[in-house]
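The lines below spell out each chain.
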Amino acid sequence: AQTVTQSQPEMSVQEAETVTLSCTYDTSESDYYLFWYKQPPSRQMILVIRQEAYKQQNATENRFSVNFQKAAKSFSLKISDSQLGDAAMYFCAYTGSNFGNEKLTFGTGTRLTIIP
Amino acid sequence: SQTIHQWPATLVQPVGSPLSLECTVEGTSNPNLYWYRQAAGRGLQLLFYSVGIGQISSEVPQNLSASRPQDRQFILSSKKLLLSDSGFYLCAWSRGVSYEQYFGPGTRLTVT
């Protein structure tokens, strides 16, 4: 079974600085997809970024980028120029590519605090 | 564009009362649908998912059930609520295998 591990329950960063959130996963599949979700105080889950395992290029969405290391099974999220609105819980998630595997496996989350 | 709705947004129910939470998706057809529960400050627990009308997969044996009476409607129910059913319930949809899930705004349920 696939597992997703987020080893940092809490992180903090000064406003305008850069922070990296860690995520590791375990799978025997060769083709899969990884995601980062943000959950602000409103508690709605918002998709931040998506990475396909077959792509070597790291995904980027504005200030958000990932460092995807397939061999190490690592998928970290870098937030540049941190803003107060980035304060949230961040969840890493995994899904496979085979029919019959329609679920996301989530990590336990990292709470990010932005220090003004 | 696609949108997902959940209601009610907040619900306070006594122990032993029934429950019905509704989720609908607009702007897509034959979506995969999901129900999650989240305790305060915790991760997401997948409760049920559906890949089509009348097709429900249960992840956790419990006091809850789910139904999908229409293509874009997903209902979470209980005949008798327990205190342990309190939590934040999220509905989500996706286009299928390998696709990201999009979440609704959630329902905060308090069982008293």
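Residues numbered from 1 in each chain as written. Chains lettered and ligands numbered in written order. Predicted model: local features only at pLDDT ≥ 70, side-chain atom pairs only at ≥ 80, totals over all residues. Heavy atoms only, no water.

Caption draft 1: View of the nonpolar core. Counting residues in each nonpolar core, the largest one holds 25 residues, and the members touching the most others are Tyr25, Trp36, Phe75, Leu77 and Tyr90 of chain A. Among the elements of the structure, strand 3 (19–21), strand 5 (32–39), strand 6 (46–52), strand 8 (64–69), strand 9 (74–79), strand 10 (88–96) and strand 12 (110–115) of chain A are those that each provide at least two residues to this core. Top element by residues in this core is strand 10 of chain A. It accounts for 4 residues. Among all residues touching phenylalanine 75 of chain A, those that are not within four sequence positions of it are Cys23, Tyr25, Leu34, Phe35, Trp36, Gln51, Val66, Asn67, Phe68 and Cys92 of chain A. Judged by nonpolar contacts, the second largest core, of 20 residues, contains Ile4, Leu21, Leu76 and Val111 of chain B. (Core = buried A, V, L, I, M, F, W, Y, C linked by side-chain atoms within 4.5 Å. Buried < 20%, exposed > 50% of the residue type's maximum accessible area, 1.4 Å probe, protein only. Helix = DSSP H or I, 4+ residues; strand = E, 2+ residues; numbered from the N terminus. Contact = heavy atoms within 4.5 Å.)

Caption draft 2: Summary view of the pairing of strand 1 (residues 3–7) of chain B. All names here are of chain B. Covered by surrounding structure in strand 1 are Ile4 and Gln6 only, the residues Thr3, His5 and Trp7 on the alternate face being uncovered. Where strand 1 meets strand 3 (residues 19–26), 5 bridges bridge the pair, whose relative direction is antiparallel. Within strand 3, the residue paired with isoleucine 4 across the bridge is valine 25. (Pairing = 2+ DSSP bridges.)

Caption draft 3: Representation of the layout of surface pockets. Counted as a void, the largest pocket has a volume near 230 Å³. When residues of the lining of the largest pocket are traced back to their parent elements, those giving at least two are strand 10 and strand 11 (105–106) of chain A together with strand 5 (44–52) of chain B. In terms of residue class, the lining of the largest pocket is built from 7 nonpolar, 6 polar and 2 charged. In this structure, the second largest pocket occupies an estimated 160 Å³ of space. Along the walls of the second largest pocket sit Gln39, Pro40, Pro41, Arg43, Ala87, Ala88, Met89, Arg111 and Leu112 of chain A together with Gln38, Gly41 and Arg42 of chain B, which together make up its complete lining. (1 Å grid on protein atoms, 1.4 Å probe; cavity = no way out; pocket = protein on both sides within 12 Å on 5 of 7 lines; lining within 4 Å. Points joined across faces, edges and corners; volume = space filled by probe spheres on them. Nonpolar A, V, L, I, M, F, W, Y, C, P; charged D, E, K, R; others polar.)

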